Amino acid sequence: MAVNRKHQIVEAASKSFSLFGYKATTMDQVAKLANVGKGTIYTFFKNKEELFDEIVTSLLNEMKKEAEEVIDPQESFSTNVHRALFRLLEFRKEHQLTIKLYQEAREMGTPAVSEVIDRMEKVVVEFLSHRIEKAIASGAIKPCNPEMTAFIMLKLYVSLIFDWERLHGPLEKDEIANLFELYLIKGLSAG
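We now turn to the structure provided with this report. None of these values were measured; they are calculated from a predicted model. (Residues numbered from 1 in each chain as written. Predicted model: local features only at pLDDT ≥ 70, side-chain atom pairs only at ≥ 80, totals over all residues. Heavy atoms only, no water.)

The space that makes up the largest pocket amounts to roughly 480 Å³. In this structure, the largest pocket is lined by 21 residues; those nearest its centre are Arg 92, Tyr 102, Arg 106, Val 158 and Phe 162. Residue assignment for the lining of the largest pocket shows that the elements contributing at least two residues are α5 (77–94), α6 (96–107), α7 (111–137) and α8 (146–168). Element by element, the count of residues in the lining of the largest pocket is highest for α8, at seven residues. Across the lining of the largest pocket, the residue classes tally to 12 nonpolar, two polar and seven charged. (1 Å grid on protein atoms, 1.4 Å probe; cavity = no way out; pocket = protein on both sides within 12 Å on 5 of 7 lines; lining within 4 Å. Points joined across faces, edges and corners; volume = space filled by probe spheres on them. Helix = DSSP H or I, 4+ residues; strand = E, 2+ residues; numbered from the N terminus. Nonpolar A, V, L, I, M, F, W, Y, C, P; charged D, E, K, R; others polar.)

Listed below in structure tokens is the structure:
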């Protein structure tokens, strides 16, 4: 029963954060959506921050899982990185909570939300860094700073998918892959 109540609370809070954002979500709203007393929430979570952290941690784990699922060991480093980045950014565009969080960070600069955005970016950069280290070790790409390279890859993808789209319309998945290959992979390729 307790696990079920906790799940109800997390689901309700996730819905509230997705609809209203972090700043506008209250524990009263969460209690109402979860159909529990406010005191019940506090038996599982000390405060709104702790509840938000649980949801964000779950979201980050889901993002990593999404990226891992599209990796094919038979494919090239370039193809796998493209697949993983594209899937992560699709996830970000499809998932209501991430959409709301990015909107709130942009419009209000809520510190707790900005921290989450930084955590999300860090997870992606770590995921890519690991892949880059493996590619360097196998000789698939030239030696480079894996973390910085991962950061640049992520920023290039974000720019092509979100910023370019806002000004020029969306690019096809293949166009993005070709640009990625042209700007980054050919520049990094060994030999």
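What follows concerns the packing of α7 against α8. The N-to-C vectors of α7 and α8 enclose an angle of 120°; their axes lie 8 Å apart at closest approach. Judged by the angle between their axes, α7 and α8 are oblique. For the element pair α7 and α8, the recorded crossing hand is right-handed. Judged by residue contacts, Glu 121, Val 124, Val 125, Leu 128, Ser 129, Ile 132, Glu 133 and Ile 136 of α7 engage Pro 146, Glu 147, Thr 149, Ala 150, Phe 151, Met 153, Leu 154 and Lys 155 from α8. (Axes fitted to C-alpha atoms, helices over the stretch in contact; angles between N-to-C directions. Parallel < 35°, antiparallel > 145°, perpendicular 65-115°, else oblique. Left-handed = near helix turned anticlockwise from the far one by under 90°. Contact = heavy atoms within 4.5 Å.)

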